[in-house]
Amino acid sequence: MSFAFKKYKRIFRRNLQPLFAVLAARRRSMDNVTWTRLVDETLRHVMANPVEYLGRDLPHQQLIRDVLDEIRLEFIKESNTMLSVPQH
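Quick caveat, the model's predicted, so the values are computed rather than measured.

*Asks:* Now, about helix α2 (residues 32-48): what can you tell me, with residues and values included?
*Replies:* With 17 residues, α2 extends 24 Å from end C-alpha to end C-alpha; this agrees with the ideal 24 Å at 1.5 Å per step. Within the sequence span of α2, burial applies to W35, T36, L38, V39, T42, L43, V46 and M47. Where α2 starts, the residue carrying a side-chain oxygen 3.1 Å from the main-chain nitrogen of V33 turns out to be D31.

*Asks:* Before we move on, can you summarise the pattern of salt bridges with the specific residues and values?
*Replies:* Summed over the entire model, instances satisfying the criterion amount to six salt bridges. The shortest N-O distance in the salt bridge between K7 and D57 comes to 3.8 Å. Taken together, the residues span a long stretch of sequence, with K7 in helix α1 (residues 3-27) and D57 in the loop between α3 (50-54) and α4 (61-84) at a distance of 50 residues. Classification of D57 as partly exposed rests on a relative accessible area of 48%. One salt bridge connects R13 with E74, and the closest N-O pair in it is separated by 3.0 Å. Residue R13 is located in helix α1, and its partner E74 is located in helix α4; the two are separated by 61 residues in the primary sequence.

*Asks:* Requested: an account of the packing of aromatic side chains, with residues and values cited.
*Replies:* If you walk through the whole model with that rule in mind, you get three aromatic pairs. Summarising the aromatic geometry, the rings of F20 and F75 are spaced 4.3 Å apart at their centres and angled 15° between planes, so their arrangement reads as stacked. In this pair, F20 is assigned in helix α1 and F75 in helix α4, connecting sequence segments 55 residues apart. On the basis of relative accessible area, F20 is assigned to the buried category, the value being 4%. Ring centres of W35 and F75 lie 5.6 Å apart, and the angle between their planes is 40°; this geometry places the pair in the tilted category. Of this pair, W35 sits in helix α2 while F75 sits in helix α4, and the two are 40 residues apart along the sequence.

*Asks:* An account of the side chain of T36 is requested, with residue identities and associated values reported.
*Replies:* The topology assignment puts T36 in helix α2. The residues touching T36, leaving out its near neighbours within four places in the chain, are R72 and I76.

*Asks:* Hey, could you go over the environment of V46 for me, with residue numbers and the actual values?
*Replies:* Summarising the element assignment, V46 is placed in helix α2. As a C-alpha pair, V46 and R65 span 19 residues in sequence and 10.0 Å in three-dimensional space. Not counting chain neighbours up to four residues away, the residues in contact with V46 comprise L16, L19, Y53, L54 and L68.

Calculation criteria
Residues numbered from 1 in each chain as written. Predicted model: local features only at pLDDT ≥ 70, side-chain atom pairs only at ≥ 80, totals over all residues. Heavy atoms only, no water. Helix = DSSP H or I, 4+ residues; strand = E, 2+ residues; numbered from the N terminus. Expected span 1.5 Å × (residues − 1). Buried < 20%, exposed > 50% of the residue type's maximum accessible area, 1.4 Å probe, protein only. Polar contact = N/O pair within 3.5 Å; in protein donor to acceptor, adjacent residues only side chain to side chain. Salt bridge = Lys/Arg side-chain N within 4 Å of Asp/Glu carboxyl O. Phe/Tyr/Trp six-rings, centres within 6.5 Å; stacked < 30°, edge-to-face > 60°. Contact = heavy atoms within 4.5 Å.

Below you can see the structure in the form of C-alpha cells.
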C-alpha cells in the first residue's frame, strides 16, 4: 500500500463513520444479501458525490475507488464478525 492509499483510507474511514454507524445498526434487521446491497448502494452514492462525504482534499478517481473498495471489504468483514458475537 502506498502512503497516499493509507492516508486517504484513514481519512475516508473517519469521514464515513456516521454512515457506517447507521449501516451497522441496520445489520441485525436485514438478511446478509439485502444488507450487503445496502452497503454497496451507499458506497456507490459516496463515489458519485465524493466531496459531500469525503471532503475536498481528494485524490484521483481511481484511488478513491480503490480505497472505498478496501474499506467496503473491511467493513463487511468487521460487521459479519460482530454479528457472530452473542448479544447480552
